[in-house]
Amino acid sequence: MTLSPSFREVPMPVTLEGYGVKLIPMQEEHAPSLELAAADGELWRLRVTSVPEPGAAAAYVDTALEGQRDGHMLPFSIIEQQSGDIIGCTRYHDIVPAVARLEIGYTWYAKRWQRTHVNTACKLLLLRHAFDHLGAMITGWRTDNYNFASQRAIERLGARRDGVLRHHALRRDGTVRDTVMYSLLAGEWPEVEKHLEYQLSRRHAD
């Protein structure tokens, strides 16, 4: 399979917008707003996520931007367009231009925006950019084996469960998790795109 010429280099920062959200390139000055978003639901208390705890948002952003400089991450802050508030963040990570692969992760939203249209909207924008503009051949996701909500959300997108990496990564509390891996191939994207658009149209109609 011939790779898209556009994915022979690391993806550059870009703004993605639509369906009531805007994904903007993460910046150092976003740290206070991200800390405020994480406080909505005290998300850092969740054992199976990596949301920054109070006072740690600046370091969290620095790590994301270091990954961007090193060429294997592209982090976004998420703005809810009606309010203009930063409500969470997400990123491309484990970017491998040589095989046109990237993963979507480090995603979290303030509690009041969970179980709304926001996750579907963000994933649609990210997947559309990955496949239609970057020329990705595959996108992936990974999540904690006990993060059942995340697993259900990824499966609702239409991704395929690839398997489980046993004893794979440290949690915040020092225990070691198994990691559940998912993926979506470029050839599967057109049908998934239609499905996500349909989901968002139904929410809008409601």
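Everything below is about the structure shown above.
On a plain count of helices and strands, the protein chain comes out with five helices and eight strands. Overall, the protein chain shows an N-to-C arrangement of helices and strands of β-β-α-α-β-β-β-α-β-α-β-β-α. Computed over its C-alpha atoms, the radius of gyration of the protein chain comes to 16 Å, within 12% of the 17 Å expected for a compact globule of 206 residues. Intrachain contacts of the protein chain at a sequence separation of at least 6 include 62% that bridge at least 24 residues. As presented, the protein chain carries roughly 10700 Å² of accessible surface, and 51% of it is formed by carbon and sulfur atoms. Where the 24 positive side-chain charges of the protein chain centre and where its 26 negative ones centre are 6 Å apart.

Below, the discussion takes up the packing of helix H1 (residues 31-39) against helix H2 (residues 57-70). As a packed pair, H1 and H2 sit with axes 8 Å apart at the nearest point and diverge in direction by 115°. Remark: the crossing between H1 and H2 carries right-handed chirality. Contacts from Ala-31, Leu-34 and Glu-35 of H1 reach H2 at Ala-57, Ala-58 and Val-61. When its residues are assigned to classes, the contact of H1 with H2 shows five nonpolar, no polar and one charged.

The strand order across the open sheet built from eight strands is S1-S2-S3-S4-S5-S6-S8-S7, with neighbouring strands paired in mixed fashion. For this open sheet the edge positions go to strand S1 (16-18) and strand S7 (160-170), each flanked by a neighbour on one side alone. Put simply, the sheet's adjacent strands are angled 25° from each other on average, direction ignored. Both strand S6 (residues 138-144) and strand S8 (residues 176-185) contribute to a ladder of seven bridges, which runs antiparallel. Note on S8: the bridge partner recorded for Thr-143 is Val-180.

What follows covers the packing of aromatic side chains. Scanning all chains against the criterion turns up three aromatic pairs. Seen from their ring centres, Phe-131 and Trp-189 are 5.6 Å apart, and the 25° between their planes marks the pair as stacked. Placement of Phe-131 in helix H3 (residues 118-133) and of Trp-189 in helix H5 (residues 189-205) is noted, with a sequence separation of 58 residues between them. Exposure remark for Phe-131: the relative accessible area of 9% places this residue in the buried category. Residue class for Trp-189 comes out buried when judged on its relative accessible area of 3%. Their ring planes at 90° and their centres at 6.1 Å tell us that Tyr-146 and Phe-148 sit as a pair that is edge-to-face. Given a relative accessible area of 48%, Tyr-146 falls into the partly exposed group. The class of Phe-148 is partly exposed, set by a relative accessible area of 45%. In this arrangement the basic side chain of Arg-91 is found over the ring face of Tyr-60, its NZ or CZ atom lying 5.2 Å from the centre. The residue whose ring lies beneath Arg-91 is Tyr-106, and the NZ or CZ to ring-centre distance is 3.8 Å.

Rules used in this analysis
- Residues numbered from 1 in each chain as written.
- Predicted model: local features only at pLDDT ≥ 70, side-chain atom pairs only at ≥ 80, totals over all residues.
- Heavy atoms only, no water.
- Helix = DSSP H or I, 4+ residues; strand = E, 2+ residues; numbered from the N terminus.
- Rg over C-alpha atoms; globule rule 2.2 N^0.38 Å.
- Contact = heavy atoms within 4.5 Å.
- Areas by Shrake-Rupley, 256 points an atom, 1.4 Å probe, with all protein chains shown as cover.
- Lys, Arg positive; Asp, Glu negative; His and termini not counted.
- Charge placed at Lys NZ, Arg CZ, Asp CG, Glu CD.
- Axes fitted to C-alpha atoms, helices over the stretch in contact; angles between N-to-C directions.
- Left-handed = near helix turned anticlockwise from the far one by under 90°.
- Nonpolar A, V, L, I, M, F, W, Y, C, P; charged D, E, K, R; others polar.
- Pairing = 2+ DSSP bridges.
- Phe/Tyr/Trp six-rings, centres within 6.5 Å; stacked < 30°, edge-to-face > 60°.
- Buried < 20%, exposed > 50% of the residue type's maximum accessible area, 1.4 Å probe, protein only.
- Lys NZ or Arg CZ within 6 Å of the ring centre and 35° of its normal.

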